[in-house]
Amino acid sequence: MPLNKVLLTTILVPCIWGTTYIIFTQTLPVDHPLLVGALRALPAGLLLMALGPGLPPRDKLLPLAALGLANIGVFFALLFVSAARLPGGLAATVGSTQPLIVGLLAWPLLGRRPGRGQIIAALAGLVGVALLVLDPHAKPDAIGIIAGLASAASMATGTVLIERWGKMGSPLAIAAWQLTLGGLILLPVALLVEGLPPLPTALNGLGLGYLVLIGTALTYWLWVRGITTLGASVAFLGLLSPTVATILGAVLLGQWLGGVQLLGIAIILSSTITGMLLSRRAAAKTAATPQPRAA
């Protein structure tokens with residue numbers, strides 16, 4: 001598929017993920033964040049496996065399990081803990097540290113040292129998200145902040161590892177296997193820690209169905225395809241998630257965005273474009289650099 005089409009479909013992913021917070025808080029049991037994460041991942045993974053990839057190869061189970069932990073098991077668990085304990089704007093701001101973490105991890109894992117421009121773009125994106133969504137009166141929760149930072153670090157690790165190990169299978173296969181393995185790892189932990197949730201309602205079913213089919217199965221397939229085609233620089237696109245969520249909220253509630261919020265959107269868009277361009281340029285430069293031969 002042409003790079004432009006891959007980029008456009010990858011941009012859709014954070015736009016869809018921008019609805020995750022409101023779906024979780026308004027339709028699902030917020031006191032069972034680990035279980036919600038497991039029930040989001042496992043059915044989506046099984047569905048994608050049924051579309052073709054089948055069971056994961058035995059010789060790839062260890063790296064696939066690592067991806068499942070980083071991108072699914074640990075990330076989902078900590079993401080929903082953060083969402084349950086923090087106001088939406090604060091949770092989004094903490095999560096927007098991911099592009100910076102990806103840039104730093106690419107140095108030891110991909111041999112790609114982040115340039116000053118990439119770091120500035122990532123920090124600018126963080127400031128832009130804070131201007132857009134952060135409520136100055138929001139009360140921070142220490143556990144929620146730690147969970148949010150750890151979830152961003154976990155997915156950043158998985159993003160870099162997918163670029164490093166992306167040849168283990170097709171994007172559909174990698175998405176299916178990591179979702180399934182991550183869900184299998186998370187489910188028993190969730191049941192042990194949180195126990196069974198209350199009897200599900202029709203609203204619970206609608207919310208979970210949306211998260212499984214649209215917010216997980218479709219988006220993770222497109223996201224993995226974006227990483228394997230465009231590289232870990234797609235992490236900058238994650239800044240679009242709170243942007244889209246805020247704009248949709250303003251439209252649905254009939255509210256106007258203030259000057260500070262508009263400035264935040266402008267900073268986010270410019271840092272996203274700049275960060276991706278600089279990251280792609282650094283990746284191309286690294287790939288073109290001759291590697292030393294083994295003695």
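Rules and cut-offs
Residues numbered from 1 in each chain as written. Predicted model: local features only at pLDDT ≥ 70, side-chain atom pairs only at ≥ 80, totals over all residues. Heavy atoms only, no water. pLDDT = per-residue confidence, 0-100. Helix = DSSP H or I, 4+ residues; strand = E, 2+ residues; numbered from the N terminus. Contact = heavy atoms within 4.5 Å. Expected span 1.5 Å × (residues − 1). Bend = angle between axes of the 7 residues up to and from the residue. Core = buried A, V, L, I, M, F, W, Y, C linked by side-chain atoms within 4.5 Å. Buried < 20%, exposed > 50% of the residue type's maximum accessible area, 1.4 Å probe, protein only.

Keep in mind that low pLDDT regions are not for reading the predicted coordinates in detail. Across the chain, pLDDT averages 87, with 94% of residues at or above 70. Per-element averaging of pLDDT across the chain places helix α11 (residues 240-253) at the bottom with 77 and helix α10 (residues 202-230) at the top with 94.

Structurally, T243 is set in helix α11. Apart from the residues within four sequence positions on either side, T243 is in contact with L132, I265 and I268.

This part covers helix α4 (residues 61-85). Taking 1.5 Å per residue as the helical rise, α4 with its 25 residues ought to reach 36 Å, and the 34 Å between its terminal C-alpha atoms agrees with that figure. Of all the bends in α4, the greatest measures close to 45° and is centred on L69.

The biggest cluster of nonpolar side chains holds 53 residues, and the ones touching the most others in it are L48, F76, L179, Y220, W223 and V234. Looking at this core element by element, the count peaks at 10 residues for helix α9 (residues 171-194). When residues no more than four places from it in sequence are discounted, the contact partners of W223 are T10, V13, P14, W17, M155, T159, V234, A235, L237 and G238. Within the second largest apolar cluster, 9 residues are counted, among which are V102, A106, A156 and A235.

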